[in-house]
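# Coordinates in review
Each chain, letter by letter, is given below.
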Amino acid sequence: MPKEKNEIIIELKAVTKRYGFGDAESFALHNFDLTVKRGEFIMIMGPSGCGKTTLLNIIGLLDRPTSGQYLLNDKSVDHISSRKKAQFRANEIGFIFQNFNLIPNLSVIENVSLPLIYSGHHKTRRLKKADEILERFHLREREYYMPYQLSGGQQQRVAIARSLISKPSIILADEPTGNLDSRSSHIIMEELRDIHAQGNTIIMVTHNPSLTTYATRVINMLDGEIDTDIKTVDDSELPRPGSPERISVRILSKKRPVELEVDSKTKVVVSGEHVTIGDSNSIDAVTKPKPKKKLAKKPRKKIKPEKKEP
Amino acid sequence: MALLLNTHLHLAIDSLRRNRGRTFLSALGIAIGVASIVLILSLTGGINQLINANSDRNNADLILVRPLAGKNATESIIDEFTSNNQFTKSSLTLEDVKTISKIEKVSSTAPIAASTNAIKIGNRTVQSVDIVATNADFANIVSLRLKNGQFLESSLRKNVAVLGYDIAMQQFGGTESLAKTFNYNGQNFLVVGVLDKIDDPVNYNGVNLDDSVIIDIDFASTFESSIQIQQIDVRAETTDSVTAITESIHKELSKTKNGDQNFSVITSAEDMHPAGSLLSIVSGMLTLVASISLIVGGIGVMNIMLVSVSERTREIGIRKSVGASSGNILLQFLFESIILSISGGILGFILGYIGAFIISLMTPFAPHISWQIIIITSAVSLTVGILFGIYPAIKAANKDPITSLKYYR
């Protein structure tokens, strides 16, 4: 089914979340309206206790609003069973948390394949898919590491991989860089930008105003209501699935040239500070690493069975 | 669904493997309970087999008629033991013996009225001697061998007696006691025969014939006001006719007793043996006591599962947030406890069998593991797993994902 451009994924109508009664009554969300279109990268900012996390929990079907309407992919999810909600979480929603929330006694690949258990995939298929997605995040060598053996940034990348594995329509990130140093945050934000460029929809809660440069829309919340709502990118320019991939390369070693095949004809080679783009056949020779000199091996003597002389 | 169950099974096995020590200890709790049940059942099974092998050699054509006082089976069994020699009112009469003996294809019929009484040998009084009143057919039914003399016979005079081997040796000065006399209940009796030692002295008749004095029942009924028949032994001509005879006994006796069904007709080998039924009561009681230790083991499993649930609160939250439903979580934890208790059951079965084997080295019987024991133990451990695992699993399933994700340990 070809998806329409700028299709609406999430629609919240007058959503209210109230805690307590009478004098102790307080609103985490108050008559909150929000429409999210496919391909948006929304940053939600605001002081503590303004209802950002509650909003994410309601969108993620972990919490139910006191009143109001919630349409996910044009379907009302207000009165569906908790089992159905779990299915939505497995197939339509990806979560990224501030404290990564990986299961500590499962290996990286098992953590990444976790959502597929609940959408009913065989183990081999789960692991294969997880392997594919981990390769995209340059974590293939760490597949069988345990979470505690990874750095914070790596753990968060694993968590992002997990949120993406079932190809959800929306990714919810609750301060994904909150527990990370600036270098790791930068890497994580680059990853999120890549994911977004591939046509994924992201809603992210953050306290860090400098991160808003990544977003296509910035919402400021105050006391459970929208304070400001600024779109920095026009709806028609939002990325959509199938749009040409933005290729990002992190060069880990300057010594060895990095090759990238864009398609069957074009190739990009990054060698030191030189970048070559050309026909895959013509530049083939330039970049091929010199064959290592083989260690001279002593030719093995063939042992012939001794013939016993009669 | 099958795929999901399979996945949960693997999840459960994985998480149990991660806590090997804990898993082993809580499974051991179950194992001890199951082991004691297996031990008791296999040993009593062994004893039962030994008894049946001894007493049921050629009893396929045997039918027993016993009085029934309108009680349930267990009570009447206990009653048989406690009141064997007391004069509770028996519902069987000598008339019934005659009625049964007239039924087609019945080869021999013998009533048994046992009592314990004092006899006088010369001037000496011997207390508590088992007096068994029966008729001449008794020798055919029980296939008695005589050491000396002859058995009761209708052609003889009535006041004769046959001695058991032991009582002849102890009270009458040896097996050569023919023509000796004794006095019982004011009547003089002449000893006409002495029995040979019997292999299984206590058999389906419930009387130790080695210690008994056997007298004629028709004669006994002349001087004893009410003779109490505890049992009528009936032997069929062929094994095939047993069922038909059983039916006829029911029919004929009901007729003479005005429709009262105050008797029971027993044909199965195990029921015939009173010792066997007592043994089954005792083994049942022991099993009950052993199952208390199983309950303790089950509580151990529940405890461990509760610890595991609270330890893994965060994991539950994560699983729920990535799409696990409450049912998924419930199954995962339920499977863990079931696996725990079933592996405990298997371990217990092996331990119990080894224990029974070691004990059997010191006793004359071999442990007997029947398929019933295997079914009982597997059913019991499965039940324990579900029973004690369901509460922690429900607790895990009901956890709120938001608060679970905030949980720090």
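### Some thoughts on the sheet that holds strand 1 (residues 8-19) of chain A
All names here are of chain A. What the four strands build is an open sheet, ordered 2-1-4-5; its pairing is antiparallel. Across the chains shown, the open sheet's two edge strands, defined by having one partner strand only, are strand 2 (26-37) and strand 5 (75-76). Sheet analysis places strand 1 next to strand 4 (residues 67-72), joined by five bridges and oriented antiparallel. Bridged to L12 within strand 4 is Y70.

### Concerning the sheet that holds strand 9 (residues 217-222) of chain A
All names here are of chain A. Taken together, the six strands give an open sheet; going across it, the order is 6-7-8-3-9-10, and neighbouring strands pair in mixed fashion. Looking at which strands have only one partner, the edges of the open sheet turn out to be strand 6 (93-96) and strand 10 (225-231). On average, each strand axis in the sheet is inclined to that of its neighbour by 15 degrees, with strand direction left out of account. Taken together, the four bridges between strand 3 (residues 41-45) and strand 9 define a ladder with parallel strand orientation. By the bridge assignment, I42 is partnered in strand 9 with R217. The sheet strands contacting helix 6 (residues 152-164) are strand 6 and strand 7 (170-174), and the helix crosses strand 6 at an angle near 170 degrees.

### Observations regarding the packing of helix 1 (residues 2-18) of chain B against helix 12 (residues 326-362) of chain B
Residue and element names in this part refer to chain B. Contact geometry for helix 1 and helix 12: axes closest at 8 Å, N-to-C directions at 60 degrees. By the angle between their directions, the pair helix 1 and helix 12 is classed as oblique. Pair helix 1 / helix 12 crosses with right-handed handedness. Where helix 1 abuts helix 12, its residues H8, L9, L11, A12, I13, S15 and L16 lie against L331, Q332, F335, E336, I339 and L340. Taken together, the residues of the contact of helix 1 with helix 12 break down into nine nonpolar, three polar and one charged.

### A closer look at the confidence of the model for chain A
Caution is warranted with low-pLDDT regions, since their predicted coordinates should not be read in detail. Per-residue pLDDT for chain A has a mean of 81; in total, 78% of the residues score no lower than 70. Low pLDDT, under 50, characterises residues 284-290 of chain A; the stretch is placed with five contacts to residues that sit more than four places away or in other chains.

### Examining the interface of chain B and chain A
Every contact between the two is made by 18 residues of chain B and, on the other side, 21 residues of chain A. Tallied by class, the residues present in the side of chain B that touches chain A amount to eight nonpolar, seven polar and three charged.

### Describing the environment of A:L72
Residue and element names in this part refer to chain A. When you line up the elements, L72 lands in strand 4. Overall, the presence of 20 C-beta atoms within 10 Å leaves L72 in the buried class. The contact partners of L72, leaving out residues within four places of it in the chain, are I10, V77, F88 and E92.

Quick notes on the rules
Think of each chain on its own: its residues are numbered from 1, step by step along the sequence as written. Chains carry letters from A onward and ligands carry numbers from 1 onward, assigned in written order. Residues qualify for local features only when their pLDDT is at least 70, as the model is predicted, and side-chain atom pairs are given and counted only at 80 or more; totals for whole chains, interfaces and linings, by contrast, use all residues. We call two strands paired when DSSP finds no fewer than two bridges between them. Secondary structure counts use DSSP, requiring at least four H or I residues in a row for a helix and at least two E residues in a row for a strand, with both numbered from the N terminus. Where helices are involved, their axes are fitted lines through C-alpha atoms of the stretch in contact, as for all axes, and angles between N-to-C directions lie from 0 to 180°. Working definition of a contact: two residues with C-beta atoms, positioned from the backbone, lying within 7 Å. In these notes the angle categories are as follows: under 35 degrees is roughly parallel, over 145 is roughly antiparallel, 65 to 115 is roughly perpendicular, and the rest is oblique. Crossings are classed by handedness, with left-handed meaning an anticlockwise turn of the near helix from the far one by less than a right angle and right-handed meaning a clockwise turn. Residues are grouped as follows: nonpolar covers Ala, Val, Leu, Ile, Met, Phe, Trp, Tyr, Cys and Pro; charged covers Asp, Glu, Lys and Arg; every other residue, Gly included, is treated as polar. The pLDDT score gives, residue by residue, the confidence of the prediction method on a 0 to 100 scale. Field definition: a residue is buried when 20 or more other C-beta atoms are found within 10 Å of its C-beta, exposed when 12 or fewer are, and partly exposed for counts in between, with C-beta atoms placed from the backbone.

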